[in-house]
Amino acid sequence: MKRKRVVPRARANQDVEEAIAYYVAEDAAEAALGFIDALEEAYVHLARHPATGSPRFAHDLGIPELRAWQVTRYPHLVFYVERDDRVDVWRVLHGQRDIPASFLV
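A brief look at the structure comes next. Keep in mind it's a predicted model, so treat the numbers as computed, not measured. (Residues numbered from 1 in each chain as written. Predicted model: local features only at pLDDT ≥ 70, side-chain atom pairs only at ≥ 80, totals over all residues. Heavy atoms only, no water.)

This paragraph deals with the sheet that holds strand 1 (residues 5-8). Read from one edge of the open sheet, four strands run 1-4-3-2, paired in mixed fashion. Looking along the sheet, the strands with just one partner apiece sit at the ends: strand 1 and strand 2 (66-70). Going from strand to strand, the sheet's axes swing by 35° on average, the running direction of each strand aside. Here strand 1 pairs with strand 4 (residues 86-94) via four bridges, running parallel. (Pairing = 2+ DSSP bridges. Helix = DSSP H or I, 4+ residues; strand = E, 2+ residues; numbered from the N terminus. Axes fitted to C-alpha atoms, helices over the stretch in contact; angles between N-to-C directions.)

Set out below in structure tokens:
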């Protein structure tokens, strides 16, 4: 199986920066580092197996090809669309948020 490039959009990178800043502000630098490692693992998984994400939010958001993948040990979801040549990461959101309301902000 061919491995695809994982390409986070600017908004996804901003989501990640905000999550890391939150952990650091909460004096949880170790959790921030763990989040970075877990997110990298999620990206590696999606590069190899992009079809494994859940289509759960695709209908709610009106984006049929949208999938979501849970970041291991963290409450964040990676929202992405598989393309022919890449995995296009749109957002990385905390799973307890109102996803439909937060997604297109």
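On to the packing of helix 1 (residues 10-25) against helix 2 (residues 29-48). The geometry of helix 1 relative to helix 2 is characterised by a closest axis approach of 7 Å and an angle of 155° between their N-to-C directions. Here helix 2 runs roughly antiparallel to helix 1, going by the angle between their axes. Where helix 1 crosses over helix 2, the handedness of that crossing is right-handed. Residue-level contacts link V16, A19, I20, Y23 and V24 of helix 1 to A29, A31, A32, F35, I36, L39 and Y43 of helix 2. Residue composition of the contact of helix 1 with helix 2, grouped by class: twelve nonpolar, no polar and no charged. (Parallel < 35°, antiparallel > 145°, perpendicular 65-115°, else oblique. Left-handed = near helix turned anticlockwise from the far one by under 90°. Contact = heavy atoms within 4.5 Å. Nonpolar A, V, L, I, M, F, W, Y, C, P; charged D, E, K, R; others polar.)

Let us now look at the packing of aromatic side chains. Within this structure, the stated rule accounts for seven aromatic pairs. On the basis of an interplanar angle of 65° and a centroid distance of 5.8 Å, the ring pair of Y22 and Y23 is categorised as edge-to-face. Overall, the relative accessible area of 52% leaves Y22 in the exposed class. Plain terms: the ring middles of F57 and F79 are 5.4 Å apart, the flat faces sit at 70° to each other, and that makes the pair edge-to-face. With F57 in the loop between helix 2 and helix 3 (58-61) and F79 in strand 3 (residues 76-82), this residue pair connects regions lying 22 residues apart in the sequence. (Phe/Tyr/Trp six-rings, centres within 6.5 Å; stacked < 30°, edge-to-face > 60°. Buried < 20%, exposed > 50% of the residue type's maximum accessible area, 1.4 Å probe, protein only.)

Right, let's get into the nonpolar core. Among soluble globular proteins, nonpolar side chains are generally buried collectively. F35, L39, Y43, V78, V89 and V92 are the most contacted members of the largest nonpolar core, which has 17 residues in total. For this core, the elements supplying multiple residues, two or more each, are helix 1, helix 2, strand 3 and strand 4. The residues contacting L39, other than those within four sequence positions of it, are V16, V71, V78 and V92. Counting 13 residues, the second-largest nonpolar core is a separate cluster that includes A58, A68, V81 and F103. (Core = buried A, V, L, I, M, F, W, Y, C linked by side-chain atoms within 4.5 Å.)

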